[in-house]
Amino acid sequence: MRLAQKIALITGGTSGIGRATSVLFAREGAKIAVSGRNEGRGQDVVKEIAAAGGEAMFIRTDVRSADECCRTVEKTVDTFGRIDILFNNAGVWFPNTVADCTEEEWDLTLDVNLKGAYLMSKYAIPKMVVQGSGNIIHNGSGWGVEGGAAAAAYCASKGGIVLLTRAMAIDHSRDGIRVNCVSPGDIETPMLTDDARNRNITWEDYRDEASQRPMGRIGTPDEIARATLFLASDDSSYMTGANLIVDGGGVA
């Protein structure tokens, strides 16, 4: 119960890492505002949490919209009374180089991955300042630290997330707000299986490629959820501005 009585807002909470984190945070005692664009999947997460004795609600949100981000934060506070944890997890991915990346793909990637984190934080921070405490976690990537092939827009967005984390930590530490980043490597999520399909690689070949990394396998959403729990809990009370890389040794 490391998050007992805490209120957590998780974007992209309807699948993959977001879903695993929503379920784990609820199991650790938090009340969860699950944010995403898919109503059906969102309600499924809420039902899963409720079946285990937790409390959650779904808020349909497009993180590219300032109005929707503001509404989501306000609804979280109106329903639960406060917001202690914001996990900016929503993200998209397109395999492209700068030369073949369309303007639409570039804009969508930066708007969801980077602007979305800015907008949600923009509206959550004033609530946290009033409380005198808060915890913001961004979902970065190993490719926000080093480059990756055919991933120009994604690398740009995640590199921005890593430095946004550091800037926000400097700006808001004296407000009682910690800001950190969790940076996954290859994790078995719908985004990764979509990447394999978009690159015309079989899932078996994709997993074989991942086996070349030091730990020899792809990670699971639960493993990222547990790392995010560490950043969300008092176990990391003296950490802010950090980028926690969870990638089976890939960056190393």
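Note that the structure is a prediction, hence the values are computed from the model and not measured. (Residues numbered from 1 in each chain as written. Predicted model: local features only at pLDDT ≥ 70, side-chain atom pairs only at ≥ 80, totals over all residues. Heavy atoms only, no water.)

A.B. asks: How should the overall build of the protein be read in this particular structure?
C.D. replies: Looking only at helices and strands, one finds eight helices and seven strands in the protein. Computed over its C-alpha atoms, the radius of gyration of the protein comes to 17 Å, within 12% of the 18 Å expected for a compact globule of 252 residues. Counting across all 252 residues of the protein, residues that qualify as buried make up 47%. If you take every contact in the protein between residues at least 6 apart in sequence, the share linking residues at least 24 apart comes to 71%. For the protein, the accessible surface area stands at approximately 11400 Å², while carbon and sulfur atoms represent 50% of it. In the protein, 26 positive and 33 negative side-chain charges are present, and the distance between their average locations comes to 6 Å. (Helix = DSSP H or I, 4+ residues; strand = E, 2+ residues; numbered from the N terminus. Rg over C-alpha atoms; globule rule 2.2 N^0.38 Å. Buried < 20%, exposed > 50% of the residue type's maximum accessible area, 1.4 Å probe, protein only. Contact = heavy atoms within 4.5 Å. Areas by Shrake-Rupley, 256 points an atom, 1.4 Å probe, with all protein chains shown as cover. Lys, Arg positive; Asp, Glu negative; His and termini not counted. Charge placed at Lys NZ, Arg CZ, Asp CG, Glu CD.)

A.B. asks: Help me understand the packing of helix H1 (residues 16-27) against helix H8 (residues 221-232) in this model?
C.D. replies: Each pair of packed helices gets described by two things: the angle between the helix axes and the distance between those axes. Orientation of H1 relative to H8, taken along the N-to-C sense of each, is 55°, at an axis distance of 8 Å. Judged by the inter-axis angle, H1 sits oblique to H8. Crossing of H1 against H8: the hand is right-handed. Only Pro221, Asp222, Ile224, Ala225, Arg226, Thr228, Leu229 and Ala232 of H8 make contact with H1, whose side of the interface consists of Gly16, Ile17, Ala20, Thr21, Leu24 and Phe25. Across the contact of H1 with H8, the residue classes tally to nine nonpolar, three polar and two charged. (Axes fitted to C-alpha atoms, helices over the stretch in contact; angles between N-to-C directions. Parallel < 35°, antiparallel > 145°, perpendicular 65-115°, else oblique. Left-handed = near helix turned anticlockwise from the far one by under 90°. Nonpolar A, V, L, I, M, F, W, Y, C, P; charged D, E, K, R; others polar.)

A.B. asks: Would you explain empty space enclosed by the protein in this entry?
C.D. replies: If a probe as big as a water molecule is rolled over the atoms, it shows which places are left empty. Per the counting criterion, the structure on display carries one cavity of 30 Å³ or more. Taken together, Thr11, Val63, Asn88, Asn89, Ala90, Val112, Asn113, Gly116 and Ala117 make up the full set of residues lining the largest cavity. In terms of residues, the lining of the largest cavity owes the most to one element, helix H4 (residues 103-131), which gives four residues. Among the residues forming the lining of the largest cavity, the class breakdown is four nonpolar, five polar and no charged. (1 Å grid on protein atoms, 1.4 Å probe; cavity = no way out; pocket = protein on both sides within 12 Å on 5 of 7 lines; lining within 4 Å. Points joined across faces, edges and corners; volume = space filled by probe spheres on them.)

A.B. asks: Looking at this model, I keep getting lost on the pattern of salt bridges. Mind explaining?
C.D. replies: When charged atoms on two side chains of opposite charge get close, those side chains can pair. Tallied over the entire structure, the rule returns ten salt bridges. In this structure, arginine 19 and glutamate 48 form a salt bridge, with 2.9 Å as the shortest nitrogen-oxygen distance. Taken together, the positions of arginine 19 in helix H1 and glutamate 48 in helix H2 (residues 39-51) put the pair 29 residues apart, joining distant regions of the chain. Among the ionic pairs, glutamate 223 bridges to arginine 217, the shortest N-O distance being 2.6 Å. Owing to a relative accessible area of 23%, glutamate 223 belongs among the partly exposed residues under this scheme. Among the charged side chains, a network of salt bridges with common partners joins Arg2, Glu28 and Asp235. (Salt bridge = Lys/Arg side-chain N within 4 Å of Asp/Glu carboxyl O.)

A.B. asks: Looking at this structure, I do not really get the layout of surface pockets. What am I missing?
C.D. replies: The computed volume of the largest pocket comes to approximately 1200 Å³. Trp93, Tyr154, Thr189, Met191 and Leu192 are, among the 48 residues lining the largest pocket, the residues nearest its centre. Looking at the lining of the largest pocket, the elements with two or more residues in it are H1, strand E2 (31-36), helix H5 (152-172), helix H6 (190-198) and helix H7 (203-210). Among the elements that line the lining of the largest pocket, the one with the most residues is H6, at five residues. By volume, the second largest pocket amounts to about 210 Å³. Contributing to the lining of the second largest pocket are 15 residues, with Lys6, Gly134, Asn135, Ala232 and Asp234 lying nearest its centre. Looking at the lining of the second largest pocket, its residues break down into three nonpolar, seven polar and five charged.

A.B. asks: Quick question: what am I supposed to make of unusual backbone geometry here?
C.D. replies: Generally, phi is negative for residues other than glycine and the peptide bonds are trans, each holding for most cases. We note that glutamine 5 has phi near 70°; this positive angle belongs to a residue other than glycine. Tracing the sequence through the fold places glutamine 5 in the segment before strand E1 (7-10).

A.B. asks: What is the right way to look at the packing of aromatic side chains in this model?
C.D. replies: Within a pair of aromatic rings, the relevant descriptors are the distance that separates the centres and the angle that separates the planes. By the definition in use, this model includes two aromatic pairs. Note on tryptophan 93 and tryptophan 143: the rings are 5.8 Å apart at their centroids and 40° apart in plane angle, and the pair reads as tilted. Within this pair, whereas tryptophan 93 is found in the loop between strand E4 (85-88) and H4, its partner tryptophan 143 is found in the loop between strand E5 (134-139) and H5, the two being separated by 50 residues in sequence. Classification of tryptophan 93 by relative accessible area gives buried; the value is 11%. When the centroid spacing of 4.9 Å and the interplanar angle of 85° are considered together, the rings of tryptophan 93 and tyrosine 154 count as edge-to-face. Taken together, the positions of tryptophan 93 in the loop between E4 and H4 and tyrosine 154 in helix H5 put the pair 61 residues apart, joining distant regions of the chain. Accessibility assignment for this pair places tryptophan 93 and tyrosine 154 in one class, buried. What links up through ring pairs into an aromatic cluster is the set Trp93, Trp143 and Tyr154. (Phe/Tyr/Trp six-rings, centres within 6.5 Å; stacked < 30°, edge-to-face > 60°.)

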